[in-house]
Amino acid sequence: MAVDRFGRNIHYLRISLTDHCNLRCIYCMPEDQTFRPSADLLQDDEILRLTRLFASLGFDKIRLTGGEPTVRANVVKIVRGIASTPGIRSLSMTTNGILLSQLAQPLKEAGLQRVNISIDTLDPEKFRRLTRWGKLQQVWDGILAAERVGLAPIKLNAVIVKGYNEDDVIDLAALTIERPWQMRYIEMMPFAGVTDIQTKQVVTAADIQKRIESEFGPLEVSGKYDGEARIFRIRGAKGELGFISSVSVPFCSACTRARLTADGVLRMCLLREKEIDLLTPMRDGASDEELRRLVLDGVWNKPWGHGLEEGLIPLNRAMNQIGG
Ligand code: SAM
Ligand code: SF4
């Protein structure tokens, strides 16, 4: 078991498969973002070796992310390898959904259990503006494909940005009335690349909830958390609403996560710059035992929480280079 010095059991690993993406969301990266060459990224066998190593330390839950994980070459093969790793009991993916129409079925067959799909608005023009060129219909088709093949329960993520989609929270919430989906609203967090937008155009979870309640009345409180999301329900709805208030009400005390970036560094807090390089020692011939020690040291020294309140913004990477 991997435990940090505050007694938190760290057993949830988010693996970024690539920093590349087929969209350029305005809250994630600049339009002219450059990406790392493939040789600098973890290779397929390196990802699987590290998966086995983390599993041997008690990590049992993995989420694949990016960049956009579905643009990674061999994504289906990688999913199959991770899904068949002894000790891994939960395997999910966060995706923009653009390629899910084609990939939902093979990913499900390879052992992927669930997907979170990002959709910030139901208005095609606003979607294009937020993603710089994305076509909403492709995401919608991807959501339906994921549901059809049983990548369920379907969870949808929306980052809310002042001046872009704060009015759209209502249409998104309405999706849950007739569908058993979970619609999750994420407060925007600041990183490198587009820090200005990320700090100046935040809409808080409390504000989002107020907007939704002005349309649908008071939300039913479920009292439960799903990961970092506080869960609510519109009265009588089949689905749920989740609020992820990482900035205004952090959930650090309950954090069980570590992140492995596409270029092979371990990041123990999304919002702290500290990183532990695993790729270089691995390519220099480190043994599993040596790598295990590096991981356990990293876990032990996991920061208690982020420093946003003190004005500490992590500027060494853009969001797509970490994997949300
Ligand atoms: N490309 C995939 C996607 O968009 O779902 C996976 C990677 S993306 C970096 C993971 C999640 O982070 C997405 O739900 C995205 O909306 C969210 N995200 C991106 N930039 C963010 C920011 N500045 N603050 C909060 N969430 C952000
Ligand atoms: Fe790509 Fe996801 Fe970032 Fe949007 S949020 S640019 S889809 S990595």
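The rules behind each value
- The written sequence of each chain sets the order in which its residues are numbered from 1.
- Chains and ligands are labelled sequentially in the order written, the chains with letters from A and the ligands with numbers from 1.
- Only residues with pLDDT of 70 or above have their local features reported here, since the model is predicted, and side-chain atom pairs are shown and tallied only from 80 upward, although totals for entire chains, interfaces and linings are computed over all residues.
- Derived side-chain values reflect all non-hydrogen atoms in the structure, with water molecules and hydrogen atoms excluded from consideration.
- Only a single heavy atom is needed: when it lies within 4 Å of a molecule or strand, its residue is near that molecule or strand.
- The nonpolar class holds Ala, Val, Leu, Ile, Met, Phe, Trp, Tyr, Cys and Pro. Asp, Glu, Lys and Arg form the charged class, and all remaining residues, Gly among them, are polar.
- Under the scheme applied here, a residue whose accessible area is under 20% of the maximum for its type counts as buried, over 50% as exposed, and between as partly exposed, the area being computed with a 1.4 Å probe on protein chains only.
- Helix and strand labels come from DSSP, where a helix needs a run of H or I of at least four residues and a strand needs a run of E of at least two; each type is numbered from the N terminus.
- We treat two strands as partners when DSSP finds at least two bridges between them.
- Handedness is read with the strands pointing away from the viewer; a crossover is right-handed when the path from the first strand over the helix to the second is clockwise.
- Polar contacts, as counted here, are pairs of nitrogen or oxygen atoms within 3.5 Å of one another; within protein the pair requires one atom able to donate a hydrogen and one able to accept it, and residues that are adjacent in sequence qualify only if both atoms are side-chain atoms.
- What makes a salt bridge here is a side-chain nitrogen of Lys or Arg within 4 Å of a carboxyl oxygen of Asp or Glu, nothing more.

A.B. asks: Describe the site of ligand 2, naming the residues involved and giving the relevant values.
C.D. replies: Within the structure, ligand 2 sits among C21, L23, R24, C25, C28, M29, G67 and N96. Split into classes, the residues belonging to the shell around ligand 2 amount to five nonpolar, two polar and one charged.

A.B. asks: A description of the pairing of strand β2 (residues 61-65) should follow, citing residues and the corresponding values.
C.D. replies: A regular strand places its side chains so that they alternate between the two faces of the sheet. For β2, a buried count of four out of five residues is recorded, marking the element as mostly surrounded by other parts of the structure. In the sheet, strand β1 (residues 12-16) pairs with β2 via five bridges, with the strands oriented parallel. Looking across to β2, one finds that Y12 is bridged to K61. For the crossover from β1 across helix α1 (residues 44-56) to β2, the handedness is right-handed. With four bridges connecting them, β2 and strand β3 (residues 90-95) associate as parallel partners.

A.B. asks: How would you summarise the site of ligand 1 if you had to cite specific residues and measurements?
C.D. replies: Taken together, 19 residues form the shell around ligand 1, and within it Y27, G67, E68, S118 and M189 come nearest. At 3.0 Å from a nitrogen atom of ligand 1 is found a main-chain nitrogen or oxygen belonging to G67. One nitrogen or oxygen atom from the side chain of N157 is found 3.3 Å from an oxygen atom belonging to ligand 1. Counting only elements with at least two residues in the shell around ligand 1, the list comes to β3 and β5 (155-159). Grouping the amino acids of the shell around ligand 1 by side-chain chemistry returns seven nonpolar, ten polar and two charged.

A.B. asks: Outline the pattern of salt bridges, supporting the account with residue identities and numerical values.
C.D. replies: Applying the stated criterion across every chain yields a total of 24 salt bridges. The partner of D167 in a salt bridge is R211, and the shortest N-O contact between them spans 3.2 Å. Placement of D167 in the loop between β5 and α6 (169-178) and of R211 in helix α8 (residues 205-216) is noted, with a sequence separation of 44 residues between them. Judged by relative accessible area, D167 falls into the exposed class, the value being 53%. Using a relative accessible area of 27% as the deciding quantity, one classes R211 as partly exposed. In this structure, K224 and E240 form a salt bridge, with 2.8 Å as the shortest nitrogen-oxygen distance. A residue pair is termed long-range when its members are at least 10 positions apart, and K224 in strand β7 (residues 220-226) and E240 in strand β9 (residues 240-244) qualify at 16 residues. For E240, a relative accessible area of 14% gives the class buried. Ionic contacts of the salt-bridge type, sharing partners, join the residues R36, D263, R267, E275 and R317 into one network.

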